[in-house]
Amino acid sequence: MTESAVFSLDCYSQQVRDSIDRALDAYTIFDRGCPAKLREAIRYSLLAPGKRLRPMLVLMAAESCQGTTEAALPAACAVEMVHTYSLIHDDLPAMDDDDLRRGLPTCHKAHGEAVAILAGDALLTLAFEVLARDIRPASTAAECCAVLARAAGASELVGGQADDLAGEFSAGDLESLESIHRRKTGAMFLASLQLGALVAGANAEQHEALHEYGRRLGLVFQITDDLLDVRGDAAAMGKRAGKDSGRGKLTFPGILGVEKSVHQAETLVREACAALEPLEPHAGGLKALAHYVLQRNH
Ligand code: GRG
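Description of the structure in this document. (Residues numbered from 1 in each chain as written. Predicted model: local features only at pLDDT ≥ 70, side-chain atom pairs only at ≥ 80, totals over all residues. Heavy atoms only, no water.)

1. Quick notes on the overall build of the protein
Along the backbone of the protein there are 15 helices and 2 strands. Sorting the 298 residues of the protein into buried and exposed places 51% on the buried side. By sequence separation, contacts in the protein at least 24 residues apart represent 73% of the contacts at least 6 residues apart. Accessible surface computed for the protein: about 13300 Å², of which carbon and sulfur atoms make up 54%. (Helix = DSSP H or I, 4+ residues; strand = E, 2+ residues; numbered from the N terminus. Buried < 20%, exposed > 50% of the residue type's maximum accessible area, 1.4 Å probe, protein only. Contact = heavy atoms within 4.5 Å. Areas by Shrake-Rupley, 256 points an atom, 1.4 Å probe, with all protein chains shown as cover.)

Written as structure tokens, this is what we have:
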């Protein structure tokens, strides 16, 4: 990617991040029924400095189908709420048992385990309240709820997490590795793109182009996540490095080796960008994001 593309993504992502963060802030003021401790824990995790990749995908997908940021913003916030819930619960002692997330102590370390569980529960439900109330028309809101519920549910995010925790797959099993990541990571990427397309009123060809892009982007994200885990430094990543490789978990570099994993990720980015052809000239943001995911250091 050219330097100007990197620069424009930086500018774009900072502006987008600011508008997403303002909206997330406004969505989590809550009324007096929400106890202060719970509110603090929710905002602690949700407003922590995440990369906001999924909400950016929602907004960029909408833009690529000539929709508006304003109409897509509630959907962008909803996916970030579901994503943050999954991180809070994933970090719990009963799951991945982590103490660092987004450069801060994990929610349960900072606020206690029970409050962290409840903060995750509240974020998951808030996401659907936001979609149902703030996406227009109501028929699109219903479609968005169904798409996000499916991606976050038993056959996708939760199912992938369950299989990952069960860890019953043999070393070298690339198919199982891809199946876990398709559900744990890929499904939320695809849902983000689909939500952006839905609020923009996309046609079938636009939906298909975004699907083909998203399938590949999800895998690129996971390969780079595994590479960062092998090479990464915890300070840059804001979470523990070496935890997956160290625990003998299935990873792409573990199965393919580092060089082949890098090559695979580069090929997937080229294919992902080519899939966006029907959306030109409005797909610049999505292309830049794919390159960012390939080159990211956290
Ligand atoms: C608890 C239902 C449930 C699911 C948890 C999200 C997840 C499933 C596990 C997190 C562990 C992990 C490494 C998952 C795969 C990659 C991933 C989702 C990383 C975190 O996403 P980023 O890097 O995070 O986009 P930020 O903090 O930038 O938003």
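2. Topic: empty space enclosed by the protein
Under the definition given, this model contains 1 cavity of 30 Å³ or more. Considered as a void within the structure, the largest cavity measures approximately 90 Å³ in volume. Around the largest cavity, the lining is made up of 13 residues, and of these Ser 45, Ala 48, Arg 101, Arg 102 and Cys 107 lie nearest the centre. Secondary structure elements with two or more residues in the lining of the largest cavity: helix 2 (36–46), helix 4 (69–90) and strand 2 (104–105). The dominant element in the lining of the largest cavity, judged by the number of residues it contributes, is helix 4, at 3 residues. For the lining of the largest cavity, the class distribution of residues is 7 nonpolar, 3 polar and 3 charged. (1 Å grid on protein atoms, 1.4 Å probe; cavity = no way out; pocket = protein on both sides within 12 Å on 5 of 7 lines; lining within 4 Å. Points joined across faces, edges and corners; volume = space filled by probe spheres on them. Nonpolar A, V, L, I, M, F, W, Y, C, P; charged D, E, K, R; others polar.)

3. A short note on unusual backbone geometry
For the peptide bond that leads from Arg 136 to Pro 137, omega is -10°, which places it in the cis range. Along the chain, Pro 137 turns up in the loop between helix 6 (113–134) and helix 7 (138–152). Along the chain, Glu 280 connects to Pro 281 via a cis peptide bond; the corresponding omega equals 10°. Looking at the secondary structure, you find Pro 281 in the loop between helix 14 (258–275) and helix 15 (284–295). Positive phi values are uncommon outside glycine, yet Arg 52 reaches one of about 60°. Residue placement: Arg 52 occurs in the loop between helix 2 and helix 3 (53–64). Among the residues examined, Arg 52 registers a relative accessible area of 2% and is labelled buried.

4. A look at the site of the ligand
Of all residues adjacent to the ligand, which total 19 residues, the nearest are Lys 51, Arg 54, His 83, Ser 86 and Arg 102. Between Lys 51 and the ligand, the recorded distance is 2.6 Å, taken from a side-chain N or O atom to an oxygen atom. Between an oxygen atom of the ligand and a side-chain N or O atom of Arg 102, the distance comes to 2.8 Å. Residue assignment for the shell around the ligand shows that the elements contributing at least two residues are helix 4, helix 8 (157–166), helix 9 (174–199) and helix 10 (204–231). In terms of residue class, the shell around the ligand is made up of 6 nonpolar, 7 polar and 6 charged. (Near = heavy atom within 4 Å. Polar contact = N/O pair within 3.5 Å; in protein donor to acceptor, adjacent residues only side chain to side chain.)

5. Considering the packing of helix 4 against helix 6
As a packed pair, helix 4 and helix 6 sit with axes 8 Å apart at the nearest point and diverge in direction by 165°. By the angle between their directions, the pair helix 4 and helix 6 is classed as roughly antiparallel. In terms of crossing hand, the pair formed by helix 4 and helix 6 is left-handed. Here the contact of helix 4 with helix 6 is composed, by residue class, of 17 nonpolar, 3 polar and 2 charged. (Axes fitted to C-alpha atoms, helices over the stretch in contact; angles between N-to-C directions. Parallel < 35°, antiparallel > 145°, perpendicular 65-115°, else oblique. Left-handed = near helix turned anticlockwise from the far one by under 90°.)

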